[in-house]
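Each chain, written out:
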Amino acid sequence: MPPAAAVRRSRHLSDTPANLPPRFLRTPEAARFLGLSGRTLEKHRYFGTGPAYRRIGGRVVYSVDDLRAWADIGIKHSTSDPGQDDLMPRADSAIARSRR
């Protein structure tokens, strides 16, 4: 391969996902990413128990990093692990207020 072609190829290969901006997923894609239904993810958003999200142009989008961080909250190593990190409604969420 000529040296110029090798340089062009190495430049092309340097455009890996690590060099791209963060990827945002709409609700159906984010739900599939997490293995949930879209409706379940919408409920988590409503009750304030779901992953962080953004509104861009009136659309709800999720960062892949935020989805991973939210899923990691529920990591357990044993069924006897304490439940302090279970996904519960925030104290100021609509469902928590309705339970008072």
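Above: the structure in question.
Residue indices follow the written sequence of each chain, beginning from 1 at its first position. Residues qualify for local features only when their pLDDT is at least 70, as the model is predicted, and side-chain atom pairs are given and counted only at 80 or more; totals for whole chains, interfaces and linings, by contrast, use all residues. Processing note: side-chain calculations cover all non-hydrogen atoms of the structure and skip hydrogens and water entirely.

Novice: So what exactly am I meant to see when it comes to the packing of helix 2 (residues 27-34) against helix 4 (residues 64-73) here?
Specialist: Axis angle and axis distance: for two packed helices, these are the angle between their axes and the distance between the axes, and together they describe the pair. Helix axes use the C-alpha atoms of the stretch in contact, all axes being lines fitted to C-alpha atoms, and the angles between their N-to-C directions lie in the range 0 to 180 degrees. Counting from the N terminus, the helices are DSSP H or I runs at least four residues long and the strands are E runs at least two residues long. Two elements in contact, helix 2 and helix 4, have axes separated by 11 Å at closest approach and are oriented at 40°. Overall, the two elements helix 2 and helix 4 adopt an arrangement that is oblique. In this structure, the crossing between helix 2 and helix 4 has a hand that is right-handed. Mapping the contact onto sequence places Ala30, Phe33 and Leu34 in helix 2 and Val64, Leu67, Arg68, Trp70 and Ala71 in helix 4. Nonpolar residues are Ala, Val, Leu, Ile, Met, Phe, Trp, Tyr, Cys and Pro. Charged residues are Asp, Glu, Lys and Arg, and all others, Gly as well, are polar. For the contact of helix 2 with helix 4, the residue count by class is seven nonpolar, no polar and one charged. If an angle is under 35 degrees, it is roughly parallel; if it is over 145, roughly antiparallel; if it lies from 65 to 115, roughly perpendicular; otherwise it is oblique. Crossing handedness is defined as follows: a turn of the near helix away from the far one that is anticlockwise and smaller than a right angle gives a left-handed crossing, while the clockwise case is right-handed. By the convention used here, residues are in contact when the closest approach between their heavy atoms is within 4.5 Å.

Novice: Looking at this model, I keep getting lost on the packing of helix 2 against helix 3 (residues 38-47). Mind explaining?
Specialist: In the contact formed by helix 2 and helix 3, the axes pass within 8 Å of each other and the chain directions differ by 100°. In terms of orientation, helix 2 lies roughly perpendicular with respect to helix 3. Where helix 2 approaches helix 3, its residues Thr27, Ala30, Ala31 and Leu34 are matched on the opposing element by Gly38, Leu41, Glu42 and Arg45. Split into classes, the residues belonging to the contact of helix 2 with helix 3 amount to four nonpolar, two polar and two charged.

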